[in-house]
Amino acid sequence: IMHTSSALSIDSIENNSDLDIVFDKKGNRETRYYQINASKPPFDNPTAREALAYALNPKEINTIRNKGLFTLATQTMDSNSPGYQKKSSYPTFNLKKAKELVSEVKAANGGTFDVTFLTTNDSENAAEGQLLIEQANAAGMNAKLTQVDQSSLVNELLGGNFSVTLVRNFHSDAAFGDVANYVWWSKGSPVNF
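Residues numbered from 1 in each chain as written. Predicted model: local features only at pLDDT ≥ 70, side-chain atom pairs only at ≥ 80, totals over all residues. Heavy atoms only, no water.

A.B. asks: Before we go on, may I ask you to explain the packing of aromatic side chains in this structure?
C.D. replies: Two descriptors summarise a pair of aromatic rings, namely the distance from one centre to the other and the angle between the planes of the rings. Going through the model one piece at a time under the given rule, you end up with 1 aromatic pair. Judged by centre distance (5.9 Å) and plane angle (70 degrees), the ring pair of F43 and F113 falls under edge-to-face. Here F43, found in the loop between β1 (31-36) and α2 (46-55), pairs with F113, found in the loop between α4 (95-108) and β2 (114-120); they are 70 residues apart in sequence, far enough to count as distant. Residue classification places F43 among the buried residues on the basis of a relative accessible area of 0%. Overall, the relative accessible area of 1% leaves F113 in the buried class. (Phe/Tyr/Trp six-rings, centres within 6.5 Å; stacked < 30°, edge-to-face > 60°. Helix = DSSP H or I, 4+ residues; strand = E, 2+ residues; numbered from the N terminus. Buried < 20%, exposed > 50% of the residue type's maximum accessible area, 1.4 Å probe, protein only.)

A.B. asks: Just to check I follow, could you spell out the side chain of R65 for this structure?
C.D. replies: On the secondary structure map, R65 appears in helix α3 (residues 58-66). For R65, the residues in contact, after removing those within four places along its chain, are A7, L8, E60, E124, A127, E128 and L131. (Contact = heavy atoms within 4.5 Å.)

A.B. asks: I'm lost on α4 in this one. Help?
C.D. replies: Residues spaced three or four apart along an α-helix face the same direction, because each turn holds 3.6 residues. An ideal rise of 1.5 Å per residue puts 20 Å on 14 residues; α4 measures up with 20 Å between its terminal C-alpha atoms. By the burial criterion, the buried members of α4 are A98, L101, V102 and V105. Relative to the axis of α4, the buried residues are bounded by an arc of 105 degrees and lie together on one face. Exposed residues on α4 whose side chains face more than 90 degrees from its buried face are K96 and A107. Tucked into the core, α4 has its buried residues touching α2. (Expected span 1.5 Å × (residues − 1). Arc of directions from axis to C-beta.)

A.B. asks: Would you explain α3 in this entry?
C.D. replies: For α3, the full list of buried residues reads I61, N62, R65 and N66. What you see down the axis of α3 is that its buried residues fit within an arc of 95 degrees, all on one side. Those residues of α3 that are exposed and aimed more than 90 degrees away from the buried face are K59 and T63. Close packing links the buried residues of α3 with α1 (7-13), β1 and α5 (123-138). Positive backbone phi, at 55 degrees, marks K67, one or two positions downstream of α3.

A.B. asks: How do you make sense of the environment of L131 when you look at a structure like this?
C.D. replies: Note that L131 resides in helix α5. The exposure class of L131 is buried, given its relative accessible area of 7%. Through-space distance from the C-alpha of L131 to that of I64 is 8.8 Å; in sequence the pair is 67 residues apart. Contacts of L131, omitting those with residues within four sequence positions, involve E60, I61, I64 and R65.

A.B. asks: Please clarify how the packing of α2 against α4 should be interpreted in this entry.
C.D. replies: Packed helices, taken two at a time, are described by the angle their axes make and the gap between the axes. At a minimum axis separation of 8 Å, α2 and α4 run at an interaxial angle of 155 degrees. Accordingly, the angle class assigned to the pair α2 and α4 is roughly antiparallel. With respect to the hand of their crossing, α2 and α4 are arranged in left-handed fashion. Every residue of α4 that contacts α2 at T47, A48, E50, A51, Y54 and A55 is listed here: L95, K97, A98, L101, V102, E104 and V105. (Axes fitted to C-alpha atoms, helices over the stretch in contact; angles between N-to-C directions. Parallel < 35°, antiparallel > 145°, perpendicular 65-115°, else oblique. Left-handed = near helix turned anticlockwise from the far one by under 90°.)

A.B. asks: Which parts of the structure should I look at to understand the pairing of β2?
C.D. replies: The side chains of a regular strand alternate, residue by residue, between the two faces of the sheet. Burial within β2 is extensive, with 5 of its 7 residues counted as buried. In terms of strand pairing, β2 meets strand β3 (residues 142-148) through 7 bridges, oriented parallel. Residue D114 lies in a different strand from β3, and its bridge partner there is N142. Here β2 runs beside strand β4 (residues 164-169); their pairing, made up of 2 bridges, is parallel. Of the residues in β4, the one forming a bridge with F117 is V164. (Pairing = 2+ DSSP bridges.)

Purely geometric numbers; function is a separate question.
In structure tokens:
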């Protein structure tokens, strides 16, 4: 038995008739997202958060890193989750707009806009992180990647020692609804990163 969210693994076994493959159904799937630490610079500034959203190109990321296998998300919840919004106002990739906003942030921050992408130390996350760096730098940010083991990642998140982290989570279990989601979103919860 194997569970994976790796597009490379899925692509390599998808057409293997010797395997009984089950895919998560739309509505109750895990979501990959980039979690921003809004409690410290530069992302305590809403303009910086917006700049990053415009700078990252999800279609390119999905094509290059996931072979186009995954559905693009515009929020942390899949469609059967209690927190899902039918109309998301998440910005779409716009490099020109991103550059304008980066210039605003730099003007307010003495000329800097430093971003560190934090993730676990596996090769697929490293490749995705490098692509994120390229996209952020193209918008004028100064981006870098830090990789740590899983337990260190959790400690860094708990300590608030990150600016952006690559996260996968499952917020769609209708059987538990708000109870399952409370810990992730409630004020004062240690895992509300």
